[in-house]
Amino acid sequence: MRPTTALALMIVLILGIGCQSRPTVESAPIPSAAQSAPPVTPAVETPEADALVTRPAAPPPEQFVEVSRLQDIHFEYDAHDIRPADTSILEETAAWMKANPGALVLIEGHTDERGTSEYNLSLSDLRASAAMSYLVAQGVPAARMVAIPYGKERPLCAEHTETCWARNRRAHFLAKPR
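Residues numbered from 1 in each chain as written. Predicted model: local features only at pLDDT ≥ 70, side-chain atom pairs only at ≥ 80, totals over all residues. Heavy atoms only, no water.

1. Some thoughts on the overall build of the protein
If you tally the helices and strands in the protein, you get four helices and six strands. The secondary structure elements of the protein, listed N-terminal to C-terminal, are α-β-β-β-α-β-α-β-α-β. Classification of the 178 residues of the protein by burial places 29% in the buried group. Taking contacts inside the protein between residues at least 6 apart in sequence as the whole, the part at least 24 apart equals 72%. When the accessible surface of the protein is summed, it comes to about 11800 Å², and 61% of that surface belongs to carbon and sulfur atoms. (Helix = DSSP H or I, 4+ residues; strand = E, 2+ residues; numbered from the N terminus. Buried < 20%, exposed > 50% of the residue type's maximum accessible area, 1.4 Å probe, protein only. Contact = heavy atoms within 4.5 Å. Areas by Shrake-Rupley, 256 points an atom, 1.4 Å probe, with all protein chains shown as cover.)

2. Here's the deal with helix H2 (residues 87-99)
With 13 residues, H2 should reach 18 Å at 1.5 Å per residue; the first-to-last C-alpha distance of 18 Å fits that figure. Leu90, Thr93, Ala94, Trp96 and Met97 are the residues of H2 that are buried. Along the axis of H2, the buried residues cluster in a sector spanning 160°; they form a single face. (Expected span 1.5 Å × (residues − 1). Arc of directions from axis to C-beta.)

3. Here we look at the side chain of glutamate 108
Along the chain, glutamate 108 turns up in strand E4 (residues 103-110). Among the polar contacts listed, one links the side chain of glutamate 108 to the side chain of histidine 110, at a separation of 3.0 Å. With residues near it in sequence (within four places) discarded, glutamate 108 still touches Ala128, Ile148, Tyr150, Arg154, Arg170, Ala171, His172 and Leu174. (Polar contact = N/O pair within 3.5 Å; in protein donor to acceptor, adjacent residues only side chain to side chain.)

4. Section: the sheet that holds strand E3 (residues 73-74)
Taken in spatial order, the four strands line up as E3-E6-E4-E5 in an open sheet, and their pairing is mixed. Lying at the two open borders of the sheet, with one neighbouring strand each, are E3 and strand E5 (145-151). Against the sheet, helix H3 (residues 117-137) contacts E3, E4, E5 and strand E6 (170-177), and its axis sits at roughly 155° relative to E5. (Pairing = 2+ DSSP bridges. Axes fitted to C-alpha atoms, helices over the stretch in contact; angles between N-to-C directions.)

By themselves, these observations are geometric and do not establish any function.
Here is the structure:
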């Protein structure tokens, strides 16, 4: 057998194996118009786990404002776990969000100045996501929140002390009425 013929035969066999039928998956029933949520526009597509997921476009951060009942939570050095002392603050945030169902909340993640910009941006994203996950567990829909990481770029305090760094390690909450 010639090498090109053998190569062509191998390709056909490989393609044949890859094209085997796959098990069918039954689709979920389509909800009636009364059960389905209204469409959200505008939308952007974001790649996630080999699929495109449509998400509503988030309003720009400039449209969010301070709300006195939405208090910052703080984090330990190099951590993104919710501290037990901050759970009551997040529960108050969840209660406010439930009492204001038309409001969107922006959760800003922040770090202190130590570490690289890339590391701090990643850590601040984990902090904002941890706060959002806690609020979702309290019954707040994720669609009502937007998380944004700022890393070390927006410090509250510029001193080079542990007290100052502790103030900068935070998740900050802003709101936007719909």
